[in-house]
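# Examining the three-dimensional arrangement
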Amino acid sequence: KNEVEQSPQNLTAQEGEFITINCSYSVGISALHWLQQHPGGGIVSLFMLSSGKKKHGRLIATINIQEKHSSLHITASHPRDSAVYICAVGGGADGLTFGKGTHLIIQP
Amino acid sequence: NAGVTQTPKFQVLKTGQSMTLQCAQDMNHEYMSWYRQDPGMGLRLIHYSVGAGITDQGEVPNGYNVSRSTTEDFPLRLLSAAPSQTSVYFCASTRTGYNSPLHFGNGTRLTVT
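All values derive from a computational prediction rather than experimental measurement.

Per the stated rule, a full pass over the model turns up six aromatic pairs over all chains. Between B:F90 and B:F104 the ring centres are 6.4 Å apart and the planes differ by 85 degrees, which places this aromatic pair in the edge-to-face class. Taken together, the residues span a long stretch of sequence, with B:F90 in strand β9 (residues 87-94) and B:F104 in strand β10 (residues 103-104) at a distance of 14 residues. Owing to a relative accessible area of 1%, B:F90 belongs among the buried residues under this scheme. Three or more aromatic residues joined by ring pairs make a cluster, and in this case those are A:F98, B:Y35, B:F90 and B:F104.

Below is the structure:
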């Protein structure tokens, strides 16, 4: 079974700061997902990656397949970015394995 | 486009009661799955389906049943509710599996007393 570790577990930052959330996994995968969950809310898919880098607005996701590592970056962070960010890795009969999430708070 | 519709949003059950959580998607996705989310733990797979008529167990299937009679619907049945099933439940769908973007329902918060 794949082991997924996210860091940090909790992050508080000031509005405008550059944010990095990390995800490491133990077994080779076919795809990695970054998800966002607002307090009391549903889960929204941000990115699906199998290689390289993707950008959507102020969000950037990168993956290094050889090092089994992915990062999610938020540029010019805003209080509305406050949420839990979840990494999930997929591939094989085990299906998706989820990290425990990173709780991000952006203070005005 | 409704996406993934999950009902109810909240439910309180007494121990031993049964209920069905509904999940429907209108995107013609083949792959549907049910997860539970508990504090301090990642989402865990309960059951999944790769197409109508095909279901399989995930990581934590005990106490739950599923069926997939149509592509659109994937209900989750709690046979005899237990306090350990208190959790938030999410239904999700993808077009072809883990290499496709995930679409989640809004979740069901279930409390078993």
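Turning our eyes to something else, we now look at the sheet that holds strand β3 (residues 19-25) of chain B. The pairing of strands in a sheet comes from backbone hydrogen bonds and takes either a parallel or an antiparallel form. Residue and element names in this part refer to chain B. Strand order in the open sheet formed by four strands is β1-β3-β8-β7, with antiparallel pairing between adjacent strands. Edge positions in the sheet fall to β1 (4-7) and β7 (64-66), since each of these pairs with one other strand and no more. On average, adjacent strands in this sheet sit at an angle of 20 degrees to one another, irrespective of strand direction. Two elements, β3 and strand β8 (residues 76-78), share three bridges in a ladder whose sense is antiparallel. Opposite M19, over in β8, you have L78 as the bridge partner.

It is worth spelling out the sheet that holds strand β8 (residues 69-74) of chain A at this point. Residues and elements named next belong to chain A. Taken in spatial order, the five strands make up an open sheet running β1-β3-β8-β7-β6, and their pairing is antiparallel. Here the strands that pair on one side only, and so sit at the sheet edges, are β1 (4-7) and β6 (52-56). Each neighbouring strand pair of the sheet contributes to a mean axis angle of 15 degrees, computed without reference to strand direction.

Let's shift gears to the nonpolar core. Counting residues in each nonpolar core, the largest one holds 22 residues, and the members touching the most others are A:L32 and A:W34. Broken down by secondary-structure element, the contributors of at least two residues to this core are β3 (19-25), β4 (31-37), β5 (43-49), β7 (59-64), β8, β9 (83-90) and β11 (102-107) of chain A.

Each value, and the rule that gives it
- Residues numbered from 1 in each chain as written.
- Chains lettered and ligands numbered in written order.
- Predicted model: local features only at pLDDT ≥ 70, side-chain atom pairs only at ≥ 80, totals over all residues.
- Heavy atoms only, no water.
- Phe/Tyr/Trp six-rings, centres within 6.5 Å; stacked < 30°, edge-to-face > 60°.
- Helix = DSSP H or I, 4+ residues; strand = E, 2+ residues; numbered from the N terminus.
- Buried < 20%, exposed > 50% of the residue type's maximum accessible area, 1.4 Å probe, protein only.
- Pairing = 2+ DSSP bridges.
- Axes fitted to C-alpha atoms, helices over the stretch in contact; angles between N-to-C directions.
- Core = buried A, V, L, I, M, F, W, Y, C linked by side-chain atoms within 4.5 Å.

Function cannot be read off these values alone, since they describe shape.
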